[in-house]
Amino acid sequence: MRAVVQTVGRASVTVDGEVVGAITDGLLVLVGVTHTDTLEIARTMARKVHELRILDEERSAAEVAAPILVVSQFTLYGDARKGRRPSWTAAAPAEVAEPLVEAVVEALRQRGAQVHTGRFRAHMLVESVNVGPRTILLDL
């Protein structure tokens, strides 16, 4: 499982002209799932995201109750080492990925995080205003 975590002043996800998720002053988390990921890995990812000391004064979302916007992003497993057309073979199929992304969201909520999401399998317009900018790649 991979996640790109960005500090944002604001971020939102729009599907078919409707804002389906939006936050201010928090974390935008793009999550990619591969074939070998498990529920335990999803829970570990949630903990790492929640406790990641990436916010001002090296504080975490857990410490300051910062909201989190989670967006599924299968392209994090794109491989463009050969040629110009990425291969998506390392990305888990939607039937595998969707429950694991949902498990990350649920684990974050169980930890007390305020979590908003995109919409799985939808064409999403993701907007963000990065702060810092601070961006971390978590690869479990």
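The following refers to the structure shown. A quick note: this is a predicted structure, and the numbers were derived from the prediction, not measured.

In this section: the nonpolar core. Counting 30 residues, the largest nonpolar core has L27, V29, V49, I68, V70 and L108 as its most contacted members. When contributions to this core are tallied by element, the ones reaching two or more residues are β1 (2–15), β2 (18–32), α1 (39–51), β3 (68–72) and α3 (94–110). Per-element tally for this core: the top contributor is α3, with 8 residues. When near neighbours in sequence (up to four residues on either side) are disregarded, V70 contacts V29, V31, V101, V105, L108, V115, H116, T117 and G118. Membership of the second largest hydrophobic core comes to 11 residues, among which are V8, A11, V13 and L28.

A cis geometry characterises the amide bond from G132 onward to P133, with omega recorded as -10 degrees. Along the chain, P133 falls in strand β5 (residues 125–139). We note that E58 has phi near 55 degrees; this positive angle belongs to a residue other than glycine. With respect to the helices, strands and loops of the structure, E58 is situated in the loop between α1 and α2 (61–64).

This part takes up the sheet that holds β1. Reading across from one edge, β4-β3-β2-β1-β5 is the order of the 5 strands in this open sheet, with mixed pairing throughout. Looking along the sheet, the strands with just one partner apiece sit at the ends: β4 (115–117) and β5. Within the sheet, the average angular offset between the axes of one strand and its neighbour, ignoring direction, is 35 degrees. Alignment of β1 against β2, held across 13 bridges, turns out to be antiparallel. Residue V5 lies in a different strand from β2, and its bridge partner there is V29.

Cut-off values and rules
- Residues numbered from 1 in each chain as written.
- Predicted model: local features only at pLDDT ≥ 70, side-chain atom pairs only at ≥ 80, totals over all residues.
- Heavy atoms only, no water.
- Core = buried A, V, L, I, M, F, W, Y, C linked by side-chain atoms within 4.5 Å.
- Buried < 20%, exposed > 50% of the residue type's maximum accessible area, 1.4 Å probe, protein only.
- Helix = DSSP H or I, 4+ residues; strand = E, 2+ residues; numbered from the N terminus.
- Contact = heavy atoms within 4.5 Å.
- Pairing = 2+ DSSP bridges.
- Axes fitted to C-alpha atoms, helices over the stretch in contact; angles between N-to-C directions.

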